[in-house]
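# Observations on chain architecture
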Amino acid sequence: AASSLSQKYDYVIVGAGSAGCVMAHRLVKEHGASVLLLEAGKSNRGSWDSWKNQMPAALTFNLANNKYNWDYHTLPQKHLDGRTLHQPRGKMLGGSSSLNAMAYVRGHALDFERWADEIGSTHWDYKHVLPYFKKAQRHSGEASAYRGQDGPLAVSRMRSGVVKPINDAFVEAGVQAGYPYTEDMNGFMQEGFGPMDMTVDEKGERASTAHGYLWPLLKARSEEDKRAAERLAVLTSGHVRRLLFDGSDSKRVVGVEFADTSGAVHQTFADAEVILCAGAVGSPQLLMLSGIGDAAELEKLGIDVRHHSPEVGKNLQDHLEFYIQFLAKHTSLYPYAATFGGFGGLSRYLFRQPWNAVAAGLGWFILGRGMSATNHFEVGGFIRSAPGKAHPDVQYHFIPGCVVGQLDFLPEHGYQAHCGAMRPTSRGTLRLASRDPTASPLIDPNFLATEDDVVDQRNAFRMTHEIMRQKAFDPFVLKPLSPDADFSVDDDDAVDAWIRQNSHSGYHLSCTCAMGSVVDQDGKVMGVEGLRIADASVMPSMTSGNLNAATIMLAEKIADAVRGVRLPAQEDATWYVPDEWERKQR
């Protein structure tokens, strides 16, 4: 039998991730509410290996194990030659913001104009979401109409002196290929090549939402924060199994049931609402386990249907990406990052040049500076893949090193462009494997299911091939690595086959409880009372770029919806429109 927690809360939030930490902070601090924040994973602090969650350059360490990571995989992908792709998800305080690559990318203004149309609400257009991006942000750079200066989320730019010349060469190569330079991809002009923002704070630490929103309350210094912290309870290692309803036939959610690490089952109740912030996998999974989803699918698994909501778990979207790699004569991360393979988990610590790795590590531990205080996505770019694209649909992250298998660095000098099309038309599904809440769900992004997606990726490949062969790289290039020098770039079949074999997920699962079909514009689950969702699952479609910044904005905005308030629109919000975009690609 399940035991009930003695204390009742105004709100129970499921998932202390990118959105959940934001929601908890705002509800206890601005709304004056009492909150229980439930997290299935561990704390992101206090363990011997917590430094791996804090050091920006250690970002790959937790991607390969399941201690702080749900460590999911997709179903075999029909249009990727049957390959199964890795899908890491953060399983700790901060969620995927404690696990991700820390790229701070908002998306393009027209993404939110599209959202407004898809949702049927002007409250999600660009002038209405920009104030929430700014509310969240504390940017280290100069103030502008697009940047926030006082928010909890630290955003900065790092430039590592050792690899600055080759990073600069990538930006120059983009300009040489005919694309513009942009100083701020998150400002007026996303299109072009230039410096990237990252969620790294002033001390050189990863700025997860746990770091910016949660720990300032848990380790409160100001009287205001101390009072807010008294209204917040955080429970880790609590895996939520199902939602609780107010009676056998009721559609009002009143609490949740969760299991602790011993397997003991507990119940806790909310006076106002249960808010799901479990992400694009966890939130639809919990809905379906609780009888909210497609009735026919639930009945096949022996789950009693509480509310027929056929779009739960549908509309799954993700970015598909690939690396174009070159070996270099000099100037890369190889002397700092390359390790010896073949020793299992120990390999990650067996550096080929340990003196460099130790120096970089000590520089971070002692001063919060140096090669370990950056994610090394210091420059990037956004381009349009064809005429008629109103805004960029291809994104670049440049890395001054060659990554093998997404996690390990090649033990030679090299560099790569991490590239992919950002607005795929393929749609996938997330389904339950069984009624067991501990069973991993069936994740099927259905990559490259449409001809448009195949063509967009092919165009992105060829444009990247052109950019990476500009004169700016002449001082560095040794030879092409992947694809090699003999590869036939003009052969459609060869390019398509290479993409099928070499692409991987961008780890941007989203859109499985979309606004307009599963939840309303304020995140309330339609057809059910007392239940709201605020995470990447409620996006109606993906933004053009990494999703974490947009997820945090979305949580800020829905937190205000819970409170019944809205920030005023920024009426002067504008964006760059390329000349003759209907007929020119650049």
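Details of the structure are given in the entry above.
The present account deals with the structure reproduced in this document. Counting of residues starts from 1 at the beginning of each chain's written sequence and follows it residue by residue. In keeping with the model being predicted, local features are shown solely for residues with a pLDDT of at least 70 and side-chain atom pairs are shown and tallied solely at 80 or more, while totals for entire chains, interfaces and linings include all residues. To obtain the side-chain values, all non-hydrogen atoms of the structure were included, while hydrogens and water were left out.

### Remarks on the packing of helix H1 (residues 20–29) against helix H6 (residues 209–218)
Counted only if it meets this: Orientation is described by axes fitted as lines to C-alpha atoms, over the contacting stretch for helices, and by angles from 0 to 180 degrees between their N-to-C directions. Only DSSP runs of H or I with at least four residues qualify as helices, and only runs of E with at least two residues qualify as strands; both kinds are numbered from the N terminus onward. In this scheme the handedness of a crossing depends on how the near helix is turned from the far one: anticlockwise by less than a right angle means left-handed, clockwise means right-handed. Residue contacts are counted whenever heavy atoms from the two residues lie within 4.5 Å of one another. Each residue gets one label: Ala, Val, Leu, Ile, Met, Phe, Trp, Tyr, Cys and Pro are nonpolar, Asp, Glu, Lys and Arg are charged, and the others, such as Gly, are polar.
Two elements in contact, H1 and H6, have axes separated by 9 Å at closest approach and are oriented at 35°. Of the two possible hands of crossing, H1 and H6 adopt the one that is left-handed. Contact residues: Cys21, Val22, His25, Arg26 and Val28 in H1; Thr209, Ala210, Tyr213, Leu214 and Leu217 in H6. Classifying every residue of the contact of H1 with H6 by side-chain character gives 7 nonpolar, 2 polar and 1 charged.

### Remarks on empty space enclosed by the protein
Quick reminder of the rule: Buriedness of a pocket was judged along seven lines, with at least five required to meet protein on both sides within 12 Å; pockets are open sets of points on a 1 Å grid over the protein atoms alone, cavities are sets where a 1.4 Å probe fits but cannot get out, and lining residues have an atom within 4 Å of a point. Grid points are joined across faces, edges and corners, and a volume is the space filled by probe spheres set on the points.
Scanning all chains against the criterion turns up 4 cavities of 30 Å³ or more. Taken as a whole, the largest cavity spans an internal volume of roughly 130 Å³. Looking at the largest cavity, it is lined by 15 residues, and the ones nearest its centre are Asp318, Leu320, Pro424, Phe447 and Asp453. Of the residues forming the lining of the largest cavity, the biggest block, 3 residues, is contributed by helix H12 (residues 451–467). For the lining of the largest cavity, the class distribution of residues is 7 nonpolar, 4 polar and 4 charged. By volume, the second largest cavity amounts to about 90 Å³. Lining the second largest cavity are 15 residues; nearest its centre among them are Gly107, His108, Ala109, Tyr126 and Gly187. Within the residue set of the lining of the second largest cavity, elements represented by two or more residues are helix H3 (109–119) and helix H4 (126–136). Of the residues assigned to the lining of the second largest cavity, the class counts are 8 nonpolar, 6 polar and 1 charged.

### Looking at the packing of aromatic side chains
Going by this rule: Pairing of aromatic rings covers Phe, Tyr and the six-membered ring of Trp, with a centre-to-centre limit of 6.5 Å; geometry is then stacked below 30 degrees between planes, edge-to-face above 60, and tilted otherwise. Accessible area is worked out with a 1.4 Å probe on protein chains only. A residue is then buried under 20% of its type maximum, exposed over 50%, and partly exposed in between.
Overall, the coordinates contain 23 aromatic pairs when judged by the stated rule. Between the aromatic rings of Trp51 and Phe61, the centroid separation amounts to 5.6 Å while the plane-to-plane angle is 65°, which identifies the pairing as edge-to-face. Of this pair, Trp51 sits in helix H2 (residues 51–54) while Phe61 sits in the loop between H2 and strand E4 (72–73), and the two are 10 residues apart along the sequence. Relative accessible area serves as the criterion here: at 10%, Phe61 is assigned to the buried category.

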